[in-house]
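Working through the structure, step by step
Spelled out from the first residue to the last, the chains are:
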Amino acid sequence: MSVGKTSREKVLELLNGKRNGELLCFSGMGNVTTEGMKQTGIRFAESHTDASKMAALAATTHKLFGFECAVIPFDVAIEAEIVGCPINFYTRSHPLEILYPTVKEKVIRSAGDIKLPSDLSRAGRVPLVTEALNLLSDDLKGAVAIGTYIMGPFTIAGQTMELSDLLKISLKKPEEVAEVLAVYTELVIQLAETYSAAGADYITIREMGACSDVLRPALFKQLVEPQLRRIFDQAPHPLVLHICGKSNGIMDSMNRVGAGALSVDQKNDLRETRKTIGPKPILLGNFDPFNILVKGTPSDVKRAVQECVNGGVDAVWPGCDIWPTVPTENMNALMQAVKNARKGRN
Amino acid sequence: MTNDAKKDELLKKLADGVLKFEEEEVATAANEVLALGFDAYEAIMNGLAKGMEEAGRLYEEEEYFVPELLLCADALYAGLNILRPHVKIEDRQKSRGVVVIGTVQGDVHDIGKNLVKMMFEVAGFEVHDLGKDVPLEKFVEEQLKTNAELVCLSAMMTTSMLGMERIIKMIREKNPEVKIMIGGAPITQEVVKKFGADGTANSASNALREALKMVASLRKMG
Ligand code: B12
C-alpha cells in the first residue's frame, strides 16, 4: 500500500519500475498553463531567461490543479544554445502570445565543429536551470517530484545542423552522423549528471526528431538506439525515454535502451506496443495534450483518460508538452478523471 | 534504336534516377536529352516529375521516409537545373502558377512545409519559399512582389496557427483574389472556414491536388 507516502515518493517508485497500484497524473515535459501565468503575473516569454520566474511558474500546475510534478525548462533549445547557436526568445512579443524560444541560426556542420564547454555548469542557460531546480526544491520541500528534460542526440543534431542536411547524410554517410551523435551523447550524459546533482528527481530524454514520421525505423535502430543505450547506461536514473510522433515501428528499439519508463504520444497504438514490449516496462503517454486537453470538452478529457488507462498506461501522462492555453475546466476534468479511474482500478 | 525508343529510355532513366536518388545518372540523362534535341519540358514532366510522384507514393506507403524524399529532390533539382533553361517560351507560359510558401512566425517546424514545396516545384509551379519562423507581414510583401496566385501557410502550433488568421486578413485587404492554403497538424476544415482560407490538405500530394483546382478556378475567373 502507498498510504503515508508523499506524491514525490510515489512518482519515483513508479519511474524506478515499482508499480504501487495508484494511478498518478504527471509529466516529464512542459506543463505550465496560462492560468498559472495569470496567478503569478509571470509572462511566458520572461520565464525562459529568469530562474525565479521559471521555478515559480513550473510549480503552478501542481499548486492550482494537483498535477503531481514540476518540470523545467519549457523550451527545447537549451542544448543548441550550449554548443553556440543563437536563440530567439521573442521577449518583445505581445504579453499574451505564447511563443517558444527557437534556434535562430544552426552553426554546426560536422562533428568537428562541436565544442563541448569545459565547464558545463556555466554554459548557456545551464546555470539558470540548475538555479531554478534549487529554487523548486526549496519551494516544494520534497513533497512533489521535480522533473527536467534533455533532448536526445539526434534531436540536438537536428536543432544545431541544417535538418535536411542531417537527414540526407543519415542515409548517405551514416558514419558521419554517428560521429556527431557520439559527441551529443556525451553532452546529454554530462547534462543529466549536472541536473541530477542540482536536484532533478527524474529526467526525460526527448528524441522526437527521430520519430518515424521523419526517420526510417531501421535507421533509428542503426544510428539512434546505440547512443540512447549509452545514455541510459551511464546517466543517473530514473530516466524516461520519450518520443512523440509515430513510434510503433521503433518500440523494440526503445525497449532495448534500458529506460525506466517509455513515453509515447497519441500516434502510438498502445495495444500494439504492449504486444511488442510485454507487460513489464512502465509505459506512459498517449494522452493528446492539444486536440483533447486544449481543444476538447471536459467529457472528451474524461473519455481520453479512460482510453489511455484501458490501453495499458501506468500513469496518466500527456504525450507532449501541455499547450499553455488549456482551459481550467479541462485541467480540473483531467485530475477528476484520474481520481475516478483510480477508484475504478483499486 | 528509333528516336521514340531512345526518348522513352531517357524519360525512364530520369524517372528512375529521381526515384533511386542517383544525381549523376539524372544529370547525364538530362544532358543527353538536350544533346539529342528532345523536348526539355516533356523530359521534366514525363521524366523527372514522374519519378518524384512515385517517390511521393512510396512515402505515403511508408516505404520511403523524409531523408529518402530529400535525396530524391536533390536528384530532381540536378535534372531541373539542366533542363529548365531549355524549356521553350510557350511552355514556360504553361507554368502552373506562382506560389509563396512558408512556416508562420514563432514556429520552426518545417519538414512538412518542405515536402509540400517539393511537390509544387515538381508540378511546375514557380515557388518562393520564405523558410520558417516567417514574420506575418513578410507573406503579404512577398505576395505583392511576386504577384503569386497562391499563398501556402504552414503551422504546427497554436500560436503560429493564430498568426495565420492575421496573415489571411492582411493579404485579403491588399488582394482579395489570391488563393490561400493552410496546413499542418492543428489545421482542420473548421479552422479553414473560421480563418477564411480557401483550403487545406493533410499530405503533400493532396496539397498539390487542391492547389491545382484552386489555380484552375482562378484562371477561369480571370
Ligand atoms: C519533429 C518535431 C519537432 C522538431 C522540428 C524540426 C523541424 N525543423 O521541423 C523540433 C525538435 C525542433 C520541435 C520543436 C518543438 N515542438 Co515539435 N514536433 C515534432 C513532431 C514530432 C513531428 C513533426 C513533423 O515534422 N512531422 C512530419 C511532417 C512530414 O508532417 P507535417 O508537419 O504534419 O506535414 C504534413 C501535413 O501536415 C501537410 N502540411 C504541412 N504544412 C502544410 C502547409 C500547407 C499549405 C498544406 C496544404 C499542407 C501542409 O503536409 C505535410 C506533408 O505530408 C511533432 C509531433 C507530431 N505528432 O506531429 C511535434 C509537435 C508539432 N511539436 C510540438 C511542440 C509543442 C514543440 C515545441 C513547442 C516544444 C517546446 N517545448 O519547445 C517546439 C517548438 C519550437 C518552436 N517555437 O517552433 C507539438 C505542437 C502542439 C501544438 N498543437 O501546439 C507537436 C504536435 C507534438 C505534440 N504531440 O504535442 N518539434
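Keep in mind it's a predicted model, so treat the numbers as computed, not measured.

In terms of regular secondary structure, chain A is built from 14 helices and 8 strands. In terms of C-alpha radius of gyration, chain A reaches 19 Å, essentially the compact-globule figure of 20 Å for 346 residues. Expressed along its principal axes, the backbone C-alpha trace of chain A runs to roughly 55 × 45 × 35 Å. Looking at chain A residue by residue over its 346 residues, the buried ones come to 59%. Excluding contacts between residues fewer than 6 apart, the proportion of contacts in chain A whose partners are at least 24 apart in sequence is 73%. Summed over all atoms, the accessible surface of chain A reaches about 12900 Å², with 50% contributed by carbon and sulfur.

Before going further, it helps to examine the domain arrangement of chain B. All names here are of chain B. Domain annotation for chain B reports domain 1 (3–92) and domain 2 (95–221). Computed from C-alpha atoms alone, the centre-to-centre distance between domain 1 and domain 2 is 26 Å. Of the residues lining the interface, 13 residues belong to domain 1; the matching set on domain 2 comes to 11 residues. When domain 1 packs against domain 2, the two sides together hide about 1100 Å² of surface, and 66% of this comes from carbon and sulfur. At the boundary of domain 1 and domain 2, one finds 0 salt bridges. One can count 2 residue pairs in polar contact (both at pLDDT 80 or more) joining domain 1 with domain 2. Of all the elements in the fold, those that place two or more residues in the side of domain 1 that touches domain 2 are α3 (40–60), α4 (66–83) and α5 (89–92). Here the side of domain 1 that touches domain 2 is composed, by residue class, of 9 nonpolar, no polar and 4 charged.

It is worth spelling out the interface of chain A and chain B at this point. With 23 residues of chain A at the contact, the number on the chain B side is 26 residues. A combined buried area of about 2100 Å² lies between chain A and chain B, and 61% of that area is made up of carbon and sulfur atoms. Linking chain A with chain B are 5 salt bridges, by the criterion used here. Between Lys172(A) and Glu23(B) there is a salt bridge whose closest N-O contact spans 4.0 Å. On inspection of chain A and its partner chain B, the count reaches 9 residue pairs in polar contact (both at pLDDT 80 or more).

A few words on the sheet that holds strand β1 (residues 98–103) of chain B. Residues and elements named next belong to chain B. Reading across the sheet, the 4 strands line up as β2-β1-β3-β4 and stay open at both edges, with parallel pairing between neighbours. One side of each edge strand has no neighbouring strand; the edge strands of this open sheet are β2 (126–129) and β4 (179–183). Averaged over all pairs of adjacent strands, the angle between strand axes in this sheet comes to 20°, irrespective of strand direction. In terms of strand pairing, β1 meets β2 through 4 bridges, oriented parallel. Bridge assignment links Ile-101 to a residue of β2, and that residue is Asp-129. Sheet strands touched by helix α8 (residues 158–174): β3 (150–154) and β4. Its angle to β4, the strand with the most contacts, is close to 175°.

Residue and element names in this part refer to chain B. When the terminal C-alpha atoms of helix α6 (residues 111–122) are compared, their 17 Å separation across 12 residues agrees well with the 16 Å that a helix rising 1.5 Å per residue should span. Burial analysis of α6 places 9 of its 12 residues in the buried class, which makes it a mostly covered element. Of all the positions in α6, only Lys-113, Asn-114, Leu-115, Val-116, Met-118, Met-119, Phe-120, Glu-121 and Val-122 are classed as buried. Positive backbone phi, approximately 95°, marks Gly-124, located one or two places after α6.

There is one protein donor for the cobalt atom of the ligand, namely His109(B) (NE2), at 2.3 Å. For His109(B), the position within the fold is in the loop between β1 and α6.

All names here are of chain A. The residue Glu-207 is located in the loop between β5 (202–206) and α10 (217–234) in this model. In this structure Glu-207 is buried but unpaired, with Arg-206 as the nearest side chain of opposite charge at 9.4 Å. Leave out the neighbours within four places in its chain, and Glu-207 touches Gly-152, Pro-153, Phe-154, Thr-155, Val-224, Leu-228, His-242 and Ile-243.

Let's shift gears to the site of the ligand. In the region of the ligand, 45 residues are neighbours, and Gly106(B), Val108(B), His109(B), Asp110(B) and Ser154(B) sit closest. Proximal residues around the ligand fall on chains A and B, making this an inter-chain site. Gln266(A) places a polar side-chain atom, nitrogen or oxygen, 3.5 Å from a nitrogen atom of the ligand. The separation between a nitrogen atom of the ligand and a polar main-chain atom of Gly106(B) is 2.8 Å. Counting residues per element, the ones that place at least two in the shell around the ligand are α7 (153–160) of chain A together with α6, β3, β4 and α10 (204–221) of chain B.

Basis of the calculations
Residues numbered from 1 in each chain as written. Chains lettered and ligands numbered in written order. Predicted model: local features only at pLDDT ≥ 70, side-chain atom pairs only at ≥ 80, totals over all residues. Heavy atoms only, no water. Helix = DSSP H or I, 4+ residues; strand = E, 2+ residues; numbered from the N terminus. Rg over C-alpha atoms; globule rule 2.2 N^0.38 Å. Buried < 20%, exposed > 50% of the residue type's maximum accessible area, 1.4 Å probe, protein only. Contact = heavy atoms within 4.5 Å. Areas by Shrake-Rupley, 256 points an atom, 1.4 Å probe, with all protein chains shown as cover. Domains from an automatic or database assignment. Buried area = accessible area lost by both parts, 1.4 Å probe. Salt bridge = Lys/Arg side-chain N within 4 Å of Asp/Glu carboxyl O. Polar contact = N/O pair within 3.5 Å; in protein donor to acceptor, adjacent residues only side chain to side chain. Nonpolar A, V, L, I, M, F, W, Y, C, P; charged D, E, K, R; others polar. Pairing = 2+ DSSP bridges. Axes fitted to C-alpha atoms, helices over the stretch in contact; angles between N-to-C directions. Expected span 1.5 Å × (residues − 1). Donors = N, O, S within 2.8 Å, 3.2 Å for Na, K, Ca; no water. Lys, Arg positive; Asp, Glu negative; His and termini not counted. Near = heavy atom within 4 Å.

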